[in-house]
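# Analysis of the macromolecular model
Spelled out, the chains give:
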Amino acid sequence: MSKANLPDWARVNAIARTLRSRAVDARAAGNLPAALDFVRLSQLLHPREPLLTFFEGHCAFTLERAAEAHAAFRRTTALEPSNGGAWLHLGAQAFSALDGAAADTAWRRCLLLD
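An account of the accompanying structure is given in this report. (Residues numbered from 1 in each chain as written. Predicted model: local features only at pLDDT ≥ 70, side-chain atom pairs only at ≥ 80, totals over all residues. Heavy atoms only, no water.)

In terms of regular secondary structure, the protein is built from six helices and zero strands. When the helices and strands of the protein are listed from N to C terminus, the series reads α-α-α-α-α-α. Taken along the three principal axes of its C-alpha coordinates, the protein extends 55 × 35 × 25 Å. Per-residue burial over the protein gives 32% buried out of 114 residues. (Helix = DSSP H or I, 4+ residues; strand = E, 2+ residues; numbered from the N terminus. Buried < 20%, exposed > 50% of the residue type's maximum accessible area, 1.4 Å probe, protein only.)

Next up, the structure:
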């Protein structure tokens, strides 16, 4: 690939920062659907950023979108196995689904981190 075909990473990162900022602002204003949209757009630019997947999971969890939250927290733990918050949420979701074994596993992973 020639240099002419490479993206301008400074511009890509600036756009990603703007999207993250809008996601945070939307969440602070109580507009979780918009926050979720903005963080997902930001993930298109930085798909392997665990902070973004965790933020997505937290928004989806708060909106009671269990399957979306679960998937986001799973991606977070895959990207960052030491993310205790994601393991904690996975345990809570498993407990709510009456899956004691999965809750125990997730919570043990969380406790082993601290």
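Within the secondary structure, N83 sits in the loop between helix 4 (66-79) and helix 5 (84-96). The spatial distance from the C-alpha of N83 to the C-alpha of F73 is 9.4 Å, given a sequence separation of 10 residues. Sequence-distant contacts of N83, that is, excluding residues within four places in its chain, are made with F54, T76 and L113. Here A86 takes part through its backbone nitrogen, which lies 2.9 Å from a polar atom of the side chain of N83. (Contact = heavy atoms within 4.5 Å. Polar contact = N/O pair within 3.5 Å; in protein donor to acceptor, adjacent residues only side chain to side chain.)

A few words now on the packing of helix 3 (residues 50-62) against helix 5. Between helix 3 and helix 5, the least distance of the axes is 11 Å, while the angle of their chain directions is 30°. As far as their axial angle goes, helix 5 and helix 3 are roughly parallel. The two elements helix 3 and helix 5 meet at a crossing, and its hand is left-handed. Residues F54, H58 and F61 of helix 3 pack against G85, A86, H89 and Q93 of helix 5. Among the residues forming the contact of helix 3 with helix 5, the class breakdown is three nonpolar, four polar and no charged. (Axes fitted to C-alpha atoms, helices over the stretch in contact; angles between N-to-C directions. Parallel < 35°, antiparallel > 145°, perpendicular 65-115°, else oblique. Left-handed = near helix turned anticlockwise from the far one by under 90°. Nonpolar A, V, L, I, M, F, W, Y, C, P; charged D, E, K, R; others polar.)

Attention shifts here to the nonpolar core. One finds A23, A26, L32, A34, A35, L36, V39, L52, F55 and C59 forming the largest nonpolar core, which totals 10 residues. Looking at this core, the elements with two or more residues in it are helix 1 (9-28), helix 2 (32-45) and helix 3. No other element matches the five residues that helix 2 contributes to this core. If we skip the residues at most four places from it in the chain, C59 touches R27, L32, A35 and L36. Grouped together as the second largest cluster of nonpolar side chains are eight residues, A86, W87, L90 and A106 included. (Core = buried A, V, L, I, M, F, W, Y, C linked by side-chain atoms within 4.5 Å.)

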